[in-house]
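# Architecture at a glance
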Amino acid sequence: MSSGLKIIEEQQKPIQKLQIYPTANAGVSPFWREKYERDAKKYWDIFYKHHGDRFFKDRHYLDKEWNSYFSGSGKKVILEVGCGAGNTIFPLIATYPDIFVYACDFSPRAVELVKAHDEYTETRVCAFACDLTGDGLDKRISPSSVDIVTMIFVLSAVSPEKMASVLQNIKKVLKPNGCILFRDYAVGDLAQERFSGKDQKISENFYVRGDGTRAFYFSNEFLEILFSEQGFEVEELDVCCKQVENRSRELVMNRRWVQATFRRSHGNQNPCDSLSPAKLDKSEQQDSIQSKSEEQERKEIIDITDIDISDGLAMEMFGASPSSHEMTVVKLRDSDFKIKLLSKEYQHTCKSTGLMLWESARLMASVLDRNPSIVSGKRVLELGCGCTGICSMVAARSANLVVATDADTKALTLLTENITMNLQSSLLGKLKTGVLEWGNKEHIECIKGLACEGFEVIIGTDVTYVAEAIIPLFETAKELILRKMGDLEVQEKPALILCHVFRRVDEASLLSAASKFGFKLADRWAANSKESPIGNIIDSWFSEKDLVAEIPSSALHVLYFQME
């Protein structure tokens, strides 16, 4: 069989539609899992840079929940691990004049917030930065000198594999019979339920938030085993529940957290063999009264407990806040575009690249702005436009029709906002949007219906970085490009213009796929390249020297295809 026949057969094979972004919850990749662990301090520092002391409420419930541990005669030494901005420290020293608090946190920025607090005084508080998984507490605090350790929403930020070493670190400075007062996220919390629909799972009950910080959700069984194996008795262990309502956003959040007290065991005594008097009294009471229903017990806990996270900011933690987006400005020669897109701090966990603004889109927008003749009076299709659609919006000023397409419906929803914010009302009718998954025959036919004869210009910026998407891309472009000229005299053949960052794309595979679908490379251009151009098309776009200076990357390449 000749090579020519092979190409024809390959072209005639039906192309399966491609799902570039997997729908299955595959979880966090090993690369990102290691990065989140390695850069944990950086992510928490960024967290406190953004939120300051506003995320957690001051914990004024501490005296109500654990007064018997803090009160009494004599001075007590407290260690607050994961002190954050001081929401535990300052309510404690205000309530109990005879305590001294050591306070440490992973984030140096959090420690700075504590030291900057108006009530911080070195006679009552000593704050320092410490990585509990690696830095020995006994280098800053005398061994066996701490009466009480408070762990309020801190152990959940530690990898499960390192939790045991954290407890051993704490145990070195805790007095025999000293206590750990514990509160943290429980399995079934609303935040965990929201994570279940996203690819943010690191391991069982361990997730990464959009800002790179992590959260583990504890079960009672997990905590009992963890603390008992590290030499602690369980004095109290309850799951607390509370319904938080934000009426302005019509959101109801069912919060669940664990509240517990653990006591350092004596020697080799089995933690299960000893119970505190309070625990024994509670057991006796339970034997003498009628068992309460789970609902009644839960209601009692709801009535006597407070929640730590401020209601408004809790929305952001669960990914429901508008703050997950940010505004950026794309400056062109004669106009500026205000673009709403996914905030940078959330981009690393987002599976859709369509919610970001890429370098090549900036370049092509500048090119179209300076060279409107590329699209003037023509029908233009943008493939993989994303939420910004900047090239389509620029093209709409001189083209007859522009259709901006993407497979991601979330990107298209955000694109609609951006179009409304930036385009004059007279141009809105010329720019249409549509769902287009490459290789999807139904989608292709819908887009065809918008430009019956096909498109004279097809643009794609940073759409060739996924190797598996290249064949469907050219198959789709072939279906939608203008093929029949009729009796019209056309000076320029219809064109497919692709722009990408060279290091992300295998251009040899790209050119091979283009050839299979009848596309010939008519010209190419690369920033700072000394190679001679194939044609004289693209060079003319960069006749203005200041446009070359605007190029955001020296690795940008432009490929200009025409049908053979």
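Check the entry above for the structure.
Throughout what follows, the structure given in this document is the object of discussion. Within each chain, residue numbers correspond to sequence positions counted from 1 in written order. With pLDDT at 70 or above as the cut-off, local features in this predicted model cover only qualifying residues; side-chain atom pairs require 80 or more to be listed or tallied, and sums for whole chains, interfaces and linings still use all residues. Values shown for side chains rest on all heavy atoms present in the structure; no hydrogens or waters enter the calculation.

## Topic: the overall build of the chain
Each helix is a run of DSSP H or I of at least 4 residues and each strand a run of E of at least 2, with the numbering of both proceeding from the N terminus. The secondary structure content of the chain amounts to 21 helices and 19 strands. Think of it in three bands: residues with accessible area under 20% of the maximum for their type are buried, residues over 50% are exposed, and the middle band is partly exposed, with areas taken using a 1.4 Å probe on protein chains only. A buried classification covers 52% of the 564 residues belonging to the chain. We call two residues in contact when some of their heavy atoms are within 4.5 Å. Taking as baseline every contact in the chain between residues at least 6 positions apart, the subset at least 24 positions apart corresponds to 74%. Total accessible area computed for the chain in this model is approximately 27000 Å², and 49% of it derives from carbon and sulfur atoms. Using a 1.4 Å probe, the Shrake-Rupley method yields the accessible areas, and only the shown protein chains count as cover for residues.

## A word on the pattern of salt bridges
The working definition used for a salt bridge is a side-chain nitrogen of Lys or Arg within 4 Å of a carboxyl oxygen of Asp or Glu. Counted according to the given criterion, the structure contains 17 salt bridges. For E37, the salt bridge goes to K162, with nearest N and O atoms at 2.7 Å. Taken together, the residues E37 in helix α2 (residues 30–38) and K162 in the loop between β4 (146–152) and α7 (163–173) connect sequence positions 125 residues apart. A residue is classified by how much of its surface remains accessible, and K162, at 31% relative accessible area, is partly exposed. A salt bridge links E507 to R524; its shortest N-O distance comes to 2.3 Å. Taken together, the residues E507 in helix α20 (residues 507–516) and R524 in strand β18 (residues 519–526) connect sequence positions 17 residues apart. For R524, a relative accessible area of 25% gives the class partly exposed. In the salt-bridge network here, residues are joined through shared partners; they are K35, D39 and K42.

## With respect to the sheet that holds strand β8 (residues 214–216)
Pairing between two strands requires that DSSP report at least two bridges joining them. Overall, antiparallel pairing links the three strands, which are arranged β6-β7-β8 in an open sheet. The open sheet has two edge strands with one neighbour each: β6 (201–203) and β8. Across the sheet, the mean angle separating the axes of adjacent strands is 30° when strand polarity is ignored. Examined bridge by bridge, strand β7 (residues 206–208) and β8 share three bridges and lie antiparallel to one another. Bridging across to β8, Y207 finds its partner in A215. Axis geometry follows a simple rule: fit a line to the C-alpha atoms, using only the stretch in contact for helices, then measure angles between N-to-C directions, giving values from 0 to 180 degrees.

## Focus: helix α3 (residues 40–51)
By definition here, a helix of n residues has an expected span of 1.5 Å times n minus one. For α3, which comprises 12 residues, the first-to-last C-alpha distance of 17 Å matches the rise-based estimate of 16 Å (1.5 Å per residue) to within 8%. Restricting attention to buried positions, one finds in α3 the residues A40, Y43, W44, D45, F47, Y48 and H51. Where α3 ends, the next residue or the one after it, G52, has phi of about 55°, a positive value.

## What to know about the sheet that holds β18
What the seven strands build is an open sheet, ordered β15-β14-β13-β16-β17-β19-β18; its pairing is mixed. In the strand order of this sheet, the two ends are held by β15 (431–435) and β18, each with one partner. Going from strand to strand, the sheet's axes swing by 20° on average, the running direction of each strand aside. As judged from the five bridges shared by strand β14 (residues 401–406) and β15, these two strands associate in the parallel manner. Within β15, the position partnered with D406 by the bridge is V435. Seen against the sheet, helix α18 (residues 441–448) touches β13 (379–383), β14 and β15 and runs at an angle of roughly 165° to β15.

## Considerations on a negative patch on the surface
Residues qualify for a patch when their relative accessible area is over 30% and they have no salt bridge, like charges being joined within 9 Å and the nonpolar side chains of Val, Leu, Ile, Met, Phe, Trp and Tyr within 5 Å. In this tally, Lys and Arg are treated as positive and Asp and Glu as negative; His is ignored, and so are the chain termini. All charge positions are set by atom: Lys at NZ, Arg at CZ, Asp at CG, Glu at CD. Among the surface-exposed residues, D53, D58, D118 and E119 lie close enough to one another that they form a single negatively charged patch. Within the secondary structure layout, D118 lies in the loop between α6 (108–115) and β3 (125–129). Its relative accessible area of 77% is what places D118 among the exposed residues.

## Observations regarding helix α19 (residues 470–480)
Counting buried residues along α19, eight of its 11 residues qualify, which places the element largely inside the surrounding structure. All of the buried residues in α19 are I470, P472, L473, F474, E475, T476, A477 and L480.

## Some thoughts on unusual backbone geometry
Its identity as a non-glycine residue notwithstanding, F153 has a phi of 50°, on the positive side. Within the secondary structure layout, F153 lies in the loop between β4 and α7.

## Remarks on the side chain of T476
Turning to its location among the elements, T476 is positioned in helix α19. According to the relative accessible area criterion, T476 is buried, its value standing at 0%. Dropping the residues within four chain positions of it, T476 is found in contact with L436, W438, G439 and I444.

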